[in-house]
Amino acid sequence: QADMPVSEPVTLSVSDVVREIADVAGGSPAVPVGEGWATSLTGTLFHEIAAQLLRGEDHGSWQSVLDRDTAGDTGLLTRHVYQTLLGPKLLQHQAVLQSQTRAVLSLWTATQELCRMLSELLSAGQARGLIRFSPEQLRWEGADSLFLTETALEWVISKHGFRAPVRIRGVADAVWFHPVDQSWCVLELKTSRRSPEAELSQACLYHRMISATRPGAAERSAIALVYFRPELEVVTFNADQLRAAQSRLEALAG
């Protein structure tokens, strides 16, 4: 009975796999950078700001303020984010944040970095025809080809010798296609970084899950993890690194 094949997949989360990779490597799943820039509150506020900025239907989103002529205007987008998203949140939590000056300044730095990166991405996407502003409808078209926001992703592994398929699931804060590098970037809104082994594993997992979600879309040479420290940091993994990591991940999942 124990050796009989099981058709129902066994489900693991990205966090489960990354944590196990870190344990096998003898490291910690998350290694703080210095003292870390965010408190629990400012970290939560940054997540909320990023989510509202990237969601197309939200009044605070980039689509509500940018048009064909201003897609690359970082200053306009930054002012919009401060007035519409960050400023009201700072006022709402003013009493608590008075004792967190350093974390608030870092939050502002991270928010500006996010706006700068988004402006550059939108400008490049528009130049290459991936997104288009419709003056008739006063809305953007094609944004869903550039972004995946808070999207559930999964990768099912079924190999000879497995008694059941393994389904790995995860939800990325945001995933976007880089028009210049022709690669996918996974936005990580964590304020501490993982071990190098865990970072590579996470990149490989997202690469495979994006491929499964959008067949052919992620079969590219690289994938990048984008962090805010609070300054922008991009960690890119090439095809050779991803192939090696995939073999190890399949064995570990099995």
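Residues numbered from 1 in each chain as written. Predicted model: local features only at pLDDT ≥ 70, side-chain atom pairs only at ≥ 80, totals over all residues. Heavy atoms only, no water.

1. A few points about the overall build of the protein chain
When helices and strands are counted, the protein chain shows seven helices and 10 strands. For the protein chain, the proportion of its 254 residues judged to be buried stands at 45%. Sequence-distant contacts, at least 24 apart, represent 67% of the contacts inside the protein chain between residues at least 6 apart. When the accessible surface of the protein chain is totalled, it reaches about 12,500 Å², and 50% of it is carbon and sulfur. (Helix = DSSP H or I, 4+ residues; strand = E, 2+ residues; numbered from the N terminus. Buried < 20%, exposed > 50% of the residue type's maximum accessible area, 1.4 Å probe, protein only. Contact = heavy atoms within 4.5 Å. Areas by Shrake-Rupley, 256 points an atom, 1.4 Å probe, with all protein chains shown as cover.)

2. Quick notes on the nonpolar core
General note: in soluble globular proteins, nonpolar side chains tend to be found buried as a group. By size, the foremost hydrophobic cluster in this structure holds 40 residues, and its most contacted members are Trp 62, Leu 122, Phe 147, Trp 176 and Leu 187. Listed by contribution, the elements that provide at least two residues to this core are helix 2 (40-54), helix 3 (74-92), helix 5 (101-127), strand 7 (174-178), strand 8 (183-187) and strand 9 (222-228). Broken down by element, this core gets its largest block of residues, nine residues, from helix 5. The contact partners of Trp 176, leaving out residues within four places of it in the chain, are Leu 54, Leu 114, Met 117, Leu 121, Leu 146, Phe 147, Ser 183, Trp 184, Cys 185 and Leu 187. Formed by 33 residues, the second largest nonpolar core is a distinct cluster that contains Val 17, Val 186, Val 235 and Ala 245. (Core = buried A, V, L, I, M, F, W, Y, C linked by side-chain atoms within 4.5 Å.)

3. A few points about the side chain of Gln 52
With respect to the helices, strands and loops of the structure, Gln 52 is situated in helix 2. One polar contact links Gln 52 to Lys 89, side chain to side chain, over a distance of 3.2 Å. Apart from residues lying up to four places away in sequence, Gln 52 is in contact with Asp 58, Gly 60, Ser 61, Leu 85 and Lys 89. (Polar contact = N/O pair within 3.5 Å; in protein donor to acceptor, adjacent residues only side chain to side chain.)

4. Describing the packing of helix 3 against helix 5
Interaxial distance between helix 3 and helix 5 falls to 9 Å at its minimum, and their mutual angle equals 145°. Between helix 3 and helix 5 lies a crossing of right-handed hand. Contacts from Thr 74, Leu 77, Thr 78, Val 81, Tyr 82, Leu 86 and Leu 90 in helix 3 reach Val 104, Leu 107, Trp 108, Thr 111, Gln 112, Cys 115, Arg 116, Leu 118 and Ser 119 in helix 5. Per-class residue counts for the contact of helix 3 with helix 5 are 10 nonpolar, five polar and one charged. (Axes fitted to C-alpha atoms, helices over the stretch in contact; angles between N-to-C directions. Left-handed = near helix turned anticlockwise from the far one by under 90°. Nonpolar A, V, L, I, M, F, W, Y, C, P; charged D, E, K, R; others polar.)

5. Focus on the packing of aromatic side chains
Tallied over the full model, the rule gives six aromatic pairs. With 5.4 Å between their ring centres and 65° between their planes, Phe 133 and Trp 140 make a pair best called edge-to-face. Like Phe 133, the residue Trp 140 is buried in the burial classification. Taken together, the aromatic side chains of Trp 37, Phe 46 and Phe 228 make up a single cluster linked through ring pairs. (Phe/Tyr/Trp six-rings, centres within 6.5 Å; stacked < 30°, edge-to-face > 60°.)

6. Side note on the layout of surface pockets
Volume-wise, the largest pocket comes out at about 190 Å³. Lining the largest pocket we find 15 residues, and of these Met 117, Glu 120, His 178, Asp 181 and Cys 185 sit closest to its centre. Going through the elements one at a time, helix 5, strand 8, strand 9 and strand 10 (232-238) are the ones with two or more residues in the lining of the largest pocket. The element contributing the most residues to the lining of the largest pocket is helix 5, with five residues. Its residues assigned to classes, the lining of the largest pocket shows nine nonpolar, three polar and three charged. (1 Å grid on protein atoms, 1.4 Å probe; cavity = no way out; pocket = protein on both sides within 12 Å on 5 of 7 lines; lining within 4 Å. Points joined across faces, edges and corners; volume = space filled by probe spheres on them.)

Treat this as a map of the structure, not an account of what it does.
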